Amino acid sequence: NAGVTQTPKFQVLKTGQSMTLQCAQDMNHNSMYWYRQDPGMGLRLIYYSASEGTTDKGEVPNGYNVSRLNKREFSLRLESAAPSQTSVYFCASSERGGPYEQYFGPGTRLTVT
Amino acid sequence: GQQLNQSPQSMFIQEGEDVSMNCTSSSIFNTWLWYKQDPGEGPVLLIALYKAGELTSNGRLTAQFGITRKDSFLNISASIPSDVGIYFCAGLPPYSNYQLIWGAGTKLIIKP
């Protein structure tokens, strides 16, 4: 039982390049989330998926797109990376929305030069 | 949008000391959560609080949901070296079942 897995762990991009961050969970959770974490700040929600087939914007969605491929997988795409997107990205999942525990993956450390 | 003010930003403590940290907001929350993050890992839930006034313990950790629903406190008793890390509060606002609002974290450091 791996919980939430993320790939890659580290990535360096040049400005303008694109990439997709992958996330998968094996807990049969309905809801999944993408956050970014910047130094000295709390986590900020980029996008979430309340259930398979739905996605919604969070607090900081600009410059990102997401796909809920199936119940297990939720990917985050940067179409044209910018230095402001240098951050640590966390994927999380929960049984459903509301006051349910969110389980986090180990994170992807992304640097855009 | 809503914001959480978490304090202190960092704490230097001696092993064995008790630790207190808190989160405050100008808006109310329906749920308060306390997470711990170790270096290179994602946050892990420590305690969840669901009702105003609720006091909940998890081993040496005790957290309270403020009666006004605008604040929460976390106490750690008799700190040990493995307590080092960053502690985050997070609140679930009344208007969303999905958009947790996070504090900036309290970094706990053990004095050598």
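In this section: the state of the cysteines. For the coordinates displayed, the defined rule picks out two disulfides over all chains. Bridging C23(A) to C91(A), the disulfide has an S-S length of 1.8 Å. Disulfide C23(A)-C91(A): the torsion about the S-S bond is -70°, which places it as left-handed. Of this pair, C23(A) sits in strand β3 (residues 19-25) while C91(A) sits in strand β9 (residues 87-94), placing them 68 residues apart in sequence. Judged on exposure class, the residue C23(A) and its partner C91(A) are both buried. Disulfide pairing is shown between C23(B) and C89(B); the S-S distance is 1.7 Å. Here the S-S torsion is close to -80°, and the disulfide linking C23(B) with C89(B) is therefore left-handed. Placement of the pair is C23(B) in strand β3 (residues 19-24) and C89(B) in strand β9 (residues 85-92), with a sequence separation of 66 residues. Judged on exposure class, the residue C23(B) and its partner C89(B) are both buried.

Another point: the interface of chain A and chain B. With 23 residues of chain A in contact, the opposing surface of chain B contributes 18 residues. A buried area of about 1600 Å², summed over both sides, lies between chain A and chain B, and 58% of it is on carbon and sulfur atoms. Of all residues in chain A, the largest losses of buried area upon contact with chain B belong to L43(A), P99(A) and F104(A), amounting jointly to 26% of the total for that side. Joining chain A to chain B, the criterion identifies zero salt bridges. At the junction of chain A and chain B, the tally comes to two residue pairs in polar contact (both at pLDDT 80 or more). For the side of chain A that touches chain B, the elements supplying multiple residues, two or more each, are β4 (31-37) and β5 (43-49) of chain A. Of the residues forming the side of chain A that touches chain B, the biggest block, four residues, is contributed by β4(A).

Moving on, we come to the pairing of β4(A). Residues and elements named next belong to chain A. For β4, the tally of buried residues reaches seven of seven residues, placing the bulk of the element in the interior. Of the two faces of β4, the one carrying S31, Y33, Y35 and Q37 and the one carrying M32, W34 and R36 are both buried. Here six bridges tie β4 to β5, and the two strands are oriented antiparallel to one another. Looking across to β5, one finds that W34 is bridged to Y47. Adjacent in sequence and paired antiparallel, β4 and β5 are bridged by five residues, among which G40 carries a positive phi angle near 75°.

Rules and cut-offs
Residues numbered from 1 in each chain as written. Chains lettered and ligands numbered in written order. Predicted model: local features only at pLDDT ≥ 70, side-chain atom pairs only at ≥ 80, totals over all residues. Heavy atoms only, no water. Disulfide = S-S within 2.5 Å. Helix = DSSP H or I, 4+ residues; strand = E, 2+ residues; numbered from the N terminus. Buried < 20%, exposed > 50% of the residue type's maximum accessible area, 1.4 Å probe, protein only. Contact = heavy atoms within 4.5 Å. Buried area = accessible area lost by both parts, 1.4 Å probe. Salt bridge = Lys/Arg side-chain N within 4 Å of Asp/Glu carboxyl O. Polar contact = N/O pair within 3.5 Å; in protein donor to acceptor, adjacent residues only side chain to side chain. Pairing = 2+ DSSP bridges.

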